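Residues per chain, in single letters:
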Amino acid sequence: MNIDEKTINTLRFLSIDQVNQANSGHPGAPMGAATIAYVLFKKIMNHSPSNPSFFNRDRFVLSIGHASALLYSILFLSGYKFEIEDLKEFRQMGSKTPGHPERDLDLGIEVTTGPLGQGFANGIGMALSEKILSNKHKIVDHFIYGIVGDGDLQEGIASEAASLAGTLGLGKVIYVYDSNGISIDGSNDLAFKENVGDRFRAYGWHVVENIDGNNINDLENSIKKSQEIVNKPSIIIANTTIGFGSPNKAGTESAHGEPLGKDETTLTRKNLNWIYKEFQVPEEVKQDMISLVNKGKSIEDKWNIELENYKKSKPDLHEELLLSINNNLPQNWDEEILNSLEESNKPEASRVSSGLSINILSKSIPNLIGGSADLTGSTNTEIKDSGNFSMDNYSGKNLKFGVREHGMGGIINGISAHGSHRIFGGTFLVFSDYMRGSIRLSALSKLNSIWIFTHDSIGLGEDGPTHQPISQLMSLRSIPNLNVFRPADRRETLLSWHKAIMQKDRPSALILSRQALPSIESVSNFKLNLETFGKGAYSCYENTNDNPDIIYISTGSELSATIEAAKYFSKKYKVRVISIPCWELFDEQSEEYKNSLIPTSSKNIISVEAGIGLGWQKYTKSNDSIISMESYGASGPGDKLIDAFGYTTDKIIEKTNKII
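It should be emphasised that the depicted structure is a prediction, and the values quoted were computed from it without experimental measurement. (Residues numbered from 1 in each chain as written. Predicted model: local features only at pLDDT ≥ 70, side-chain atom pairs only at ≥ 80, totals over all residues. Heavy atoms only, no water.)

## Things to note about the sheet that holds strand β19 (residues 604–608)
What counts here: In this analysis, strands are considered paired if DSSP registers two or more bridges between them. The helix and strand labels rest on DSSP assignments: H or I over at least four residues marks a helix, E over at least two residues marks a strand, and numbering proceeds from the N terminus.
Across the sheet, five strands lie side by side as β16-β18-β17-β19-β20; this open sheet has mixed pairing. Sheet topology places β16 (538–542) and β20 (626–627) at the edges, where each strand pairs with a single neighbour. Note: β19 against β20, two bridges, orientation parallel. Opposite Ser 607, over in β20, you have Ile 626 as the bridge partner.

As structure tokens, then:
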């Protein structure tokens, strides 16, 4: 066999050996798609294995994350920071080779994949980010390649993302569809018989069909032709055989998610004329693939020269580009938003305060972009004085995702992973359920996506219980590494945005009201500052320096009514009201600070929030002092619902009397 064939078989058997060693994993897809991976990394992509974060690299997304053994194998052979011992530790705790790829730029892994369809959408986000950047900075020029599978194309998120990509003409996306006709349950004929080519043509994609997934020349030529289609994303339908080379499992579902085993592996080696031992890499394969390191350095050096020339010819644009490349913030970026803290304001919805924040920040952060799932006006997510991103205006900062919450989530994560833009996306809080998978992956991947969720309680009113979130807020708080902010007024909203923008490796969710909220200062005479807010919780009203008899803890739209209730009880009791806009930040504070705010000796610790009570127990230490909603809402004016469900001052006083 020639060097191409030998390298492809090396990829197959390294993948087989990883899965056998772990006695767990998915060998079939790596065996079938090995040629695709080889062609992309060896013959197509511009990448630099010795510097995986080289900015103008082509991005690669393995959307079929279950084929992770193939990704680790091709990265290892290409000269990335993998050793053969890392492959032998496949799926072991603490290894570089987990069961599904986890984002790690140092290793060349762009995004976390495994939940199918997510990688597909991430790649669209990367292409969108590249398009905005290259439209302004012509020296930015790279493609987004991916291997996608049957499962990806069956997931709704992929359909949403594909439709938007076609609408926007994102020509830098080139996906190779590993079409092997098999899913876990068996043949695709059981559940997936559509004409994929016609489907993607209808989306506005360039489609290449009937490519032999084992034919190197056909794959290479179809990819290069797709590169020439600048105004359409491309999908190349490559016909492959799952478990290629296995005499008894090739083309069957049994090749998908279980090791080949010793006997079948022996038969496969014989069938493919593979004379090498487990985890053995032929020397000629090593030498041929390691050439990618020097090739990558040359590509990187050439671009760095272009970047230096850009500095000389367009110094201001060069400086702006470097900020984007390094994911840094401009000097004094927060000056105006901090100055805005000094301004008094009439009652306003926190969604309005958020819109104010966005437009203040967009003046000083040129790479801030965002949009909504067809709810721009309702979520106050428009960047004013900037157009809409479209085929006619690739400089627009307003992204119109359409009614595609899940697709929006995956695309936003791709934009964040691309590393050149600060990105936000908005919808109603109740619809966060549609995109929960993407929110969770943003946290798992340590991205800095910003999620805007408005209409946060029964206070939204007449739309009724279909639109009134009850469990969603607490559900978001249950996601590790996600900062969830529920601000109570304009000042807290401005500071929530400030904190969200500061994050580099943690996403943020801002939970915002439809109804107007008074400033907390006007209710309690307490003036909040940046340092205090950064602790996640603080005392905004108290009538004592001693341990209080009653401690209220509240968030968002319920805080002002809670303060008024505290004033009533302050005539007889020592009272404190704590605003806790971000549980996650508060939980990270010292025990000394937490105990000073919520002394364990206080008998009555009462939480007030218009959502389910599950979770508040860690602060109240009791199930009986949680003022919460344990039912759906109703359709009616918001103020009537707030009264009916017990969140006016009078109702909080009434419930408090029962508790104490």
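Next comes the rest of the account.
## A few points about the nonpolar core
This is how the line gets drawn: Here the nonpolar core consists of buried residues drawn from Ala, Val, Leu, Ile, Met, Phe, Trp, Tyr and Cys, with membership extended through side-chain atoms lying within 4.5 Å. Note on classification: 1.4 Å probe, protein chains only; a residue is buried when its accessible area is under 20% of the maximum for its type, exposed when over 50%, partly exposed between these limits. Whether two residues are in contact is decided by their heavy atoms, any of which lying within 4.5 Å being enough.
Trp 497, Tyr 552, Ile 553 and Ile 598 are the most contacted members of the largest nonpolar core, which has 67 residues in total. No other element matches helix α22 (residues 559–569), which puts six residues into this core. Excluding anything up to four places from it in sequence, Ile 553 contacts Ile 578, Ile 580, Ile 598, Ile 605, Ile 606, Ser 607, Val 608, Trp 616 and Tyr 619. Counting residues in hydrophobic clusters, the runner-up holds 57 residues, among them Val 61, Phe 389, Leu 429 and Leu 473.

## Thoughts on the sheet that holds strand β1 (residues 59–62)
Our working rule: Orientation is described by axes fitted as lines to C-alpha atoms, over the contacting stretch for helices, and by angles from 0 to 180 degrees between their N-to-C directions.
An order of β1-β2-β3-β7-β6 is seen for the five strands of this open sheet, with the pairing classed as parallel. Edge positions in the sheet fall to β1 and β6 (206–212), since each of these pairs with one other strand and no more. The mean angle between the axes of side-by-side strands here comes to 20°, regardless of whether they run parallel or antiparallel. For strand β2 (residues 144–149) and strand β3 (residues 173–179), the ladder comprises six bridges, and the chain directions are parallel. The partner of Gly 149 across the bridge, within β3, is Asp 178. Across the sheet, helix α9 (residues 216–227) is in contact with β2, β3, β6 and β7 (234–239); its angle to β6 comes to roughly 175°.

## Focus: the environment of Pro 233
Mapping Pro 233 onto the fold places it in the loop between α9 and β7. Judged by its relative accessible area of 0%, Pro 233 falls in the buried class. The spatial distance from the C-alpha of Pro 233 to the C-alpha of Ala 162 is 8.6 Å, given a sequence separation of 71 residues. The contact partners of Pro 233, leaving out residues within four places of it in the chain, are Ala 165, Gly 166, Gly 169, Leu 170, Gly 171, Val 173, Gly 204, Trp 205 and His 206.

## Quick look at α22
Across the 11 residues of α22, eight count as buried, placing the element largely inside the fold. Of all the residues in α22, the buried ones are Leu 559, Ser 560, Ala 561, Thr 562, Ile 563, Ala 565, Ala 566 and Phe 569.

## Here's the deal with empty space enclosed by the protein
The condition is simple: Using a grid of 1 Å spacing that covers the protein atoms alone, one calls a set of points a cavity when a 1.4 Å probe fits there but cannot get out, and a pocket when the set is open and has protein on both sides within 12 Å along at least five of seven lines; lining residues are those with an atom within 4 Å of a point. Grid points are joined across faces, edges and corners, and a volume is the space filled by probe spheres set on the points. Throughout, the ten residues Ala, Val, Leu, Ile, Met, Phe, Trp, Tyr, Cys and Pro are labelled nonpolar, Asp, Glu, Lys and Arg are labelled charged, and all others, Gly among them, are labelled polar.
This structure, assessed with the given rule, holds six cavities of 30 Å³ or more. In this structure, the largest cavity occupies an estimated 80 Å³ of space. Considering the residues around the largest cavity, the lining is formed by Phe 41, Met 45, His 47, Ser 48, Pro 52, Arg 57, Asp 58, Phe 60, Tyr 80, Gly 108 and Glu 110. Tallied by class, residues from the lining of the largest cavity come to five nonpolar, three polar and three charged.

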